[in-house]
Amino acid sequence: MTTKPLKAAIIGLGLLGSQYLEAFGKRSDVAIVGVCDVRRAVAESAAAQVHATPYTNADELLKSQRPDLVVVATPDHLHLAPTLAALDAGAPVIIQEKPLATDLAEAEAIYEKVEQRGAKLFVNFANRAMPYDLATYYVLQQGLIGQPVYAESRLDDNISVPTRLWGERSRDFATGSSPAHFLLSHVVDLMHWWFAPAQVTEVFAISQEGVLGFTPDLYDAFLIFDSGLKVRVKAEWIKHIDQIVEYYSCFTGERGGVIYNKRPGFGVQESWRANFSAPPAADALAAHQQRLGEQGIDVRLAHHYRPAAVAYDVSTVRASFEHIGGDQAHGMMLIGPILDAVQQNTLTPDSWQQRGPLPTHRDGLRQVQVVQALIDSARSGRVVTVR
Ligand SMILES: NC(=O)c1ccc[n+]([C@@H]2O[C@H](COP(=O)([O-])OP(=O)(O)OC[C@H]3O[C@@H](n4cnc5c(N)ncnc54)[C@H](O)[C@@H]3O)[C@@H](O)[C@H]2O)c1
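Residues numbered from 1 in each chain as written. Predicted model: local features only at pLDDT ≥ 70, side-chain atom pairs only at ≥ 80, totals over all residues.

**What to know about the overall build of the chain**
For the record, the criterion: Each helix is a run of H or I in the DSSP string that is no shorter than four residues. Each strand is a run of E no shorter than two, and both are numbered from the N terminus. The globule rule is 2.2 Å times the number of residues to the power 0.38, and the radius of gyration it is compared with is taken over C-alpha atoms. Note on burial: count the other C-beta atoms lying within 10 Å of the residue's C-beta; 20 or more is buried, 12 or fewer is exposed, in between is partly exposed, and C-beta positions come from the backbone. By definition, residue pairs are in contact when their C-beta atoms, positioned from the backbone, come within 7 Å.
Tallying secondary structure elements over the chain gives 12 helices and 16 strands in all. For the chain, whose C-alpha radius of gyration is 22 Å, the value lies close to the compact-globule estimate of 21 Å for 387 residues. Classification of the 387 residues of the chain by burial places 46% in the buried group. Within the chain, contacts between residues separated by at least 24 positions form 67% of all contacts whose residues are at least 6 apart in sequence.

**Overview of the nonpolar core**
Soluble globular proteins: nonpolar side chains tend toward being buried together. Counted only if it meets this: Structurally, a nonpolar core is described as a collection of buried Ala, Val, Leu, Ile, Met, Phe, Trp, Tyr and Cys residues joined by way of C-beta atoms within 7 Å. Residue ranges for the domains originate in an automatic or database domain assignment.
Judged by nonpolar contacts, the single largest core of 113 residues is most densely connected at Ala 8, Ile 10, Val 35, Leu 184, Val 203 and Leu 374. In terms of residue count, helix α9 (residues 179-194) provides more of this core than any other element does, 10 residues in total. Structurally, this core is a two-domain feature, drawing no fewer than three residues from each of domain 1 (6-127 + 333-355) and domain 2 (129-329 + 367-385). Every residue in contact with Val 35, bar those within four places of it in the chain, is listed here: Ala 9, Ile 10, Leu 13, Ala 43, Ala 46, Ala 47, Ala 52 and Pro 54.

**A look at helix α6 (residues 131-141)**
Among the 11 residues in α6, 10 count as buried, and that is most of the element. Those residues of α6 not exposed but buried are Pro 131, Tyr 132, Asp 133, Leu 134, Ala 135, Thr 136, Tyr 137, Tyr 138, Val 139 and Leu 140. Considering only its buried residues, α6 is in contact with β7 (148-157), α9, β12 (256-263), β13 (271-276) and α10 (282-294). Positive backbone phi, at 70 degrees, marks Gly 143, one or two positions downstream of α6.

**Quick notes on the domain arrangement of the chain**
The domain architecture assigned to the chain consists of domain 1 (6-127 + 333-355) and domain 2 (129-329 + 367-385). The gap between the C-alpha centroids of domain 1 and domain 2 is 27 Å. With 18 residues of domain 1 in contact, the opposing surface of domain 2 contributes 21 residues.

**Some remarks on the site of the ligand**
This is how the line gets drawn: Any residue whose C-beta atom, as set from the backbone, lies within 6 Å of a molecule or strand is reported as near that molecule or strand. Note on residue classes: Ala, Val, Leu, Ile, Met, Phe, Trp, Tyr, Cys and Pro are nonpolar, Asp, Glu, Lys and Arg are charged, and everything else, Gly too, is polar.
Close to the ligand lie 28 residues; Gly 12, Gly 14, Leu 15, Leu 16 and Glu 97 are nearest. Per-element tally for the shell around the ligand: the top contributor is helix α1 (residues 15-25), with 3 residues. Looking at the shell around the ligand residue by residue, the classes come out as 16 nonpolar, 6 polar and 6 charged. Viewed by domain, the shell around the ligand spans two of them, domain 1 (6-127 + 333-355) and domain 2 (129-329 + 367-385), each represented by three or more residues.

**Some points on the environment of Ser 185**
Structurally, the position occupied by Ser 185 is in helix α9. Remark: the alpha-carbon pair of Ser 185 and His 330, spanning 145 residues in sequence, is separated by 17 Å. Non-local contacts of Ser 185, meaning those with residues more than four positions away in its chain, are made with Lys 98, Pro 99, Gln 367 and Val 371.

**Some thoughts on the sheet that holds strand β6 (residues 120-124)**
Note the cut-off: Strands pair, by our definition, only if DSSP identifies at least two bridges between them. In this analysis an axis means a line fitted to C-alpha atoms, helices contributing only their contacting stretch, and an angle means the value between N-to-C directions, from 0 to 180 degrees.
Strands sit in the order β3-β2-β1-β4-β5-β6 across an open sheet of 6 strands; the sheet is parallel. In this open sheet, the two edge strands, each paired with only one partner strand, are β3 (53-55) and β6. Direction aside, the axes of adjacent strands within the sheet are offset by 25 degrees on average. Here 4 bridges tie strand β4 (residues 69-72) to strand β5 (residues 93-97), and the two strands are oriented parallel to one another.

**Here we look at the packing of helix α3 (residues 58-65) against helix α4 (residues 80-88)**
The line we're drawing: Throughout, the term roughly parallel applies to angles under 35 degrees, roughly antiparallel to angles over 145, roughly perpendicular to angles from 65 to 115, and oblique to all others. When the near helix sits turned anticlockwise from the far one by under a right angle, the crossing is termed left-handed; a clockwise turn instead gives a right-handed crossing.
One can describe the packing of α3 onto α4 by two numbers: an axis separation of 10 Å at closest approach and a directional angle of 20 degrees. With respect to their mutual orientation, α3 and α4 come out roughly parallel. Handedness of the crossing formed by α3 with α4: right-handed. Contact residues: Ala 58, Asp 59 and Leu 62 in α3; Pro 82, Ala 85 and Ala 86 in α4.

**Overview of α9**
The test is simple: To estimate how far a helix should reach, multiply one less than its number of residues by 1.5 Å. Two axes enter the definition of the bend at a residue: one is fitted to the seven residues ending there, the other to the seven starting there, and the bend is the angle between them.
The end-to-end C-alpha separation of α9 is 21 Å, in line with the 22 Å expected for 16 residues at 1.5 Å each. The largest bend in α9 amounts to roughly 40 degrees and is located at Ser 185. Within α9, 16 of the 16 residues are buried, leaving the element largely enclosed by the surrounding structure.

**Some remarks on unusual backbone geometry**
Peptide bonds are, in most cases, trans, and in most cases residues other than glycine have a negative phi. The omega angle of the peptide bond from Lys 98 to Pro 99 is -15 degrees, so this bond is cis rather than trans. Mapping Pro 99 onto the fold places it in the loop between β5 and α5 (104-117). Of note, the bond from Ala 196 into Pro 197 is cis; its omega dihedral lies within 30 degrees of zero at 10 degrees. With phi around 45 degrees, Arg 66 is a residue other than glycine that occupies positive phi space. Among the secondary structure elements, Arg 66 is positioned in the loop between α3 and β4. The phi angle at Gln 354 is positive, at roughly 55 degrees, despite the residue not being glycine.

**Some points on the sheet that holds strand β8 (residues 200-208)**
The strand order β14-β15-β13-β12-β11-β7-β10-β9-β8-β16 describes an open sheet built from 10 strands, whose pairing is mixed. Each edge of the open sheet is held by one strand with a lone partner, namely β14 (300-303) and β16 (384-385). Relative to strand β15 (residues 319-324), β13 runs antiparallel, the two sharing 6 bridges. When the sheet's bridge partners are listed, Asn 275 is paired in β15 with Ser 320. The strands touched by α6 are β7, β12 and β13; relative to β12, the strand with the most contacts, the crossing angle is about 170 degrees.

Put into C-alpha cells, the structure is as follows:
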C-alpha cells in the first residue's frame, strides 16, 4: 500500500510534545512541518531538531502550514483553544493528549466541533497499547474469567509530580488539573475499553484536600456499570514513594480473575496474572496463549494440579496465564496504530486488530463525563448519575 507523507504540526513541546517529535521522527510517512510552544526558546530548539518552522502562536502555525495532522500536547486545562483552532483551520486529523478537557462544557464543545467539521480526533489513551493492559483486554473480552463483577484500580503519583515534575510550571499545571483529570482519565478509559460494551451509569466518590492546598490530594470512587459491574478507582497525588508512580489493578469474574502490578510499590515485582477456576480445555487455552503471543504478549500457561485426596483444596485456580517482569511500556505506544489508522482511513488499522476501535473524541467525552460525575459526587457527598 502506498502512503502519502502526512504534514504534521505539534502544539505544546513539553514532556509529551518532545516524545511526539521523537516518535514522528521514526516514521517515514510523517513530516513535521511546524512546531509551536508559547515558550519561544523551546519552540526554536524543537524546530531545529526536526528542521521544521517554529511558532509561538498556534493560529499562525495553522494558517501558514495547513497541516494534515495536528498534535495537541498542551497542559490538561489548555486543550480547548488549540484543538478548536486546529478544527477551525480545517485540520482533518487531531491527536490530542488526555484528558479531552478538564471541564465538561469544553469537552462537549470539542466533541461538537469534531462532528460538525467531519474531522477525526484521536485521544492518546496510551495505556490501551501497553502489553499488560492488552493482555487484560484479551482475557476479559474472550470471557475467560466469566462475567466480570468487581474491579479495583489504584494509580498513584509521587507528591513530586504536582509539586516538581514540570519545574516552575508545576503548580500552574497541577492547579489546572487534578489526580482525577491527570490519572483517573487513564483508568476510566481503560475500564470502558476493557468492559465494553458496559457503560458507567452511577458514581460515588470522596476526595481529600489540604496537603497540596492548590489542587485536590486524592480521589477514591466507586463506578457502577449498567452490566452490574462495580469498580473502585483511586488516584493520589500525595504519595511518598521512591518511584514516580504506583499502579495496581485486579478484577474478579464469576470464573476467575486478573491481578496485576503494573508499576509496583515497595517489595512487589512487576507482574500480571489471569487465574481461571473453570478454564476451557487445554488445547483451547494453548490457542489463547498462542494468540496472545502473536500480539507480542508473552504469557506462561500453567495447568494447576488438583490433589484428589485433600479435603479442603485452598487454591481454586485450575489454570493461569502469567507474566513476571516489566512490560516495557511507554507513552507513545498507541501513536503507531493511530498513524496507521490515519493512513488507512479506518479506526481498526492492520496494526490494531481485535482490540476494538482506536479511541476518539467519543471515548474522550465519555471519560470526561465520568470524571466530572466523580468530582461532582465528591463535592456533594451524593451518588451522581452519569449523563
Ligand atoms: N499519555 C500519557 O501517559 C501522558 C503522560 C504525561 C502527560 N500526558 C499529557 O500530555 C499533555 C502535556 O503534558 P506535559 O507533561 O507534556 O506538559 P508540559 O507542561 O511539559 O508541556 C506542555 C507544553 O505546552 C506549552 N503550552 C502551554 N500553552 C500553550 C499554547 N497555548 N500554545 C502552545 N504551547 C503551549 C507549554 O509551554 C509546555 O511546553 C497533558 O495533557 C498531559 O496530561 C500524557
